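# Report on the structure
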Amino acid sequence: MKLAFAAPDLPEKGVVVAFVLEDRELSASARILNDRLRGALVRVMEAGRFKGKKDQVLAIPAPGEGSYDRVVLVGLGKAGDIDTMRAQAAGGRICAALASDGVKSASVAVDVLEGAEFGAAEMAAELAYGARLRSYRFDKYLTKQKEEDKPTLEALTFLCDNHTRARKLFAPLDAIAAGVTFTRDLVSEPANVIYPESLAAKAKTLEDLGVEVEVLGEKEMRKLGMGALLGVGQGSGRESQLVVMQWWGAGKPDAEGKGKKGKKSTKSDAGSEGLDEAKRPLAFIGKGVTFDTGGISIKPAAGMEDMKWDMAGSAAVIGLMKALAGRRAAANVVGVVGLVENMPSGTAQRPGDIVTSMSGQTIEVLNTDAEGRLVLADALWYTKIRFEPRLMVDLATLTGAIIIALGNEMAGLFSNDDGLATRLSAAGKAVGELLWRMPLGEEYDKSIKSDAADMKNIGNRGAGSITAAQFLQRFVDGTPWAHLDIAGVAWSKKDAAIVPKGGTGYGVRLLDRFVAENYEEEA
Ligand code: BES
Ligand code: MN
Ligand code: ZN
């Protein structure tokens, strides 16, 4: 869909969208349209339920004696309550309403709204962003779509004062949307198309944006001692991969402590790269199980197809890197994703196997379906050792238990750092990707004690999401860290204002905001 910004000249025909505030208060453009149509808009409103409340849409075909094909009124509620999320939601609803009516193109009249938090240019940019996010479809495998089911909407033009500014404000949002779209595509693709090597190849395409992308295969990972990750992939015919993405938007630090202000690195271990504090990267780590059968501890058949999206954490990290590089974010960020397929076979890992992780800690694998934590154990440790990041945030569709706890409304947040947890929660709230903090604690940690190894990969009966997080915490070694269990939010069964059903792209907008809000001004 083409999104454009133009000067506020209300067209005299075609499809026009205009806004209405609560209690049927018309925006300036809606008033002009109403006059041109000899009061038809007000008459239609008063004859029905449309009150200008947020999320209300009223499409009026061929109104009055004018030459408009359609005028669409969109409610925004109280002017004082209009924030970025509400503006984005309105953009999404416009897109959905026009698409379901079979409209091909429309103009959206964006006015200055008295009492609103921001001006017309900001509003136009947020509307366009919402429309772009909502217009997403994954229909590449539908070869027999009926004409009436195909998307029709080709272009939206946002009319406002200072449309050049609107276009400028939209550019970074467009980059974020491209990241979200990329993530949604990766999550939606089936597991015969997206497997570790093909997912790594998708990540490689970020090189076009200036991201450094390295792909490690099984041989390299074996050399590094990644027995936990490799054990998960050993039953699959597909080779496991570890992808390392680096974006040095705040300037690449010099290696070996020769960096700025003559500061010397205190650390001497290989690959630490001796970075001075402000340049040390933020690290995002993703679980990329491209299909999770459960392995020998195999899952039931019903619903197993959902496990094609067990790589959503890795897809969010890849999409985040795309968003950050796309908008040239002034921050140093690394993304690391562990990509494996969890299959049962003659070479598969068995329940009871003991593996040695890169950290040296041994793990008794009592359930081969608790595989995500095994992948993350080595990915987290590798990230910590190689980059000495300022903080680590991992994303994973880690446990069914988090869906029992939080449903599909919020992701679980676990952290060893209250400040980090607060900043993540705030970013999530700002973009509508909500987080709910869950506890960690010594007593929970005890439940993964093993008689045969340093730990086992499952806990006792209860608190499945927490014991999984406790397991991860054993591989972060004091680094400020947060774990987002996104099992309930990576996929949606219903359309929402800016998130159509299917792969949601959860995490990209949240973490982009987290980076922008907290780590870019200082650069
Ligand atoms: N990928 C699953 C978690 C999951 C379940 C994600 C449902 C999305 C929807 C994970 O690998 C898993 O199988 N976890 C087990 C852990 C258990 C064996 C300790 C679970 O949650 O049942
Ligand atoms: Mn599993
Ligand atoms: Zn899994």
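Heads up: the structure comes first, above all this text.
Summarised in this report is the structure supplied together with it. (Residues numbered from 1 in each chain as written. Chains lettered and ligands numbered in written order. Predicted model: local features only at pLDDT ≥ 70, side-chain atom pairs only at ≥ 80, totals over all residues. Heavy atoms only, no water.)

This part is about the pairing of strand β13 (residues 362-365). Taken together, the four bridges between strand β12 (residues 353-356) and β13 define a ladder with antiparallel strand orientation. Directly across from I354, in β13, lies its bridge partner E364. Taken together, β12 and the strand that follows it, β13, pair antiparallel across an intervening segment of five residues, in which G360 is found at a positive phi of about 95°. Sheet topology note: the β13/strand β17 (residues 455-456) ladder contains two bridges and is parallel. Its bridge partner lying in β17, I363 is registered against M455. (Pairing = 2+ DSSP bridges. Helix = DSSP H or I, 4+ residues; strand = E, 2+ residues; numbered from the N terminus.)

Among the 17 residues in the neighbourhood of ligand 1, the closest are listed as K299, D310, D369, E371 and G400. Here an oxygen atom of ligand 1 and a side-chain polar atom of K287 are 3.2 Å apart. Here K299 contributes a side-chain N or O atom positioned 2.8 Å from an oxygen atom of ligand 1. For the shell around ligand 1, the per-class residue count stands at six nonpolar, four polar and seven charged. (Near = heavy atom within 4 Å. Polar contact = N/O pair within 3.5 Å; in protein donor to acceptor, adjacent residues only side chain to side chain. Nonpolar A, V, L, I, M, F, W, Y, C, P; charged D, E, K, R; others polar.)

Time to look at the packing of helix α4 (residues 120-134) against helix α5 (residues 163-188). As a packed pair, α4 and α5 sit with axes 9 Å apart at the nearest point and diverge in direction by 20°. Considering their axes alone, α4 and α5 lie roughly parallel with respect to each other. In the crossing of α4 with α5, the sense of the turn from one axis to the other is right-handed. For the pair α4 and α5, contact is made by A121, E122, A124, A125, E126, A128, Y129, R132 and L133 and by R165, A166, L169, F170, L173, D174, I176, A177, A178, V180, T181 and R184, respectively. Among the residues making up the contact of α4 with α5, the classes are represented as 14 nonpolar, one polar and six charged. (Axes fitted to C-alpha atoms, helices over the stretch in contact; angles between N-to-C directions. Parallel < 35°, antiparallel > 145°, perpendicular 65-115°, else oblique. Left-handed = near helix turned anticlockwise from the far one by under 90°. Contact = heavy atoms within 4.5 Å.)

Take the coordination of the manganese ion (ligand 2) next. With distances of 2.0 to 2.2 Å, the protein atoms coordinating the manganese ion (ligand 2) are D292 (OD), D369 (O), D369 (OD) and E371 (OE). Each of the six donor atoms bound to the manganese ion (ligand 2) contributes to angles spanning 70 to 166°, and the resulting shape is irregular. All donor residues of the manganese ion (ligand 2) come from one chain, and their arrangement in sequence is D-x76-D-x1-E. A gap of 3.2 Å separates the manganese ion (ligand 2) and the zinc ion (ligand 3), which D292 links by coordinating each metal. In this pair, D292 is assigned in strand β10 (residues 282-292) and D369 in the loop between β13 and α10 (372-387), connecting sequence segments 77 residues apart. Exposure remark for D369: the relative accessible area of 23% places this residue in the partly exposed category. (Donors = N, O, S within 2.8 Å, 3.2 Å for Na, K, Ca; no water. Tetrahedral: all angles 85-135°; square planar, octahedral: opposite > 155°, others 65-115°. Buried < 20%, exposed > 50% of the residue type's maximum accessible area, 1.4 Å probe, protein only.)

Purely spatial values, then, with no claim about function.
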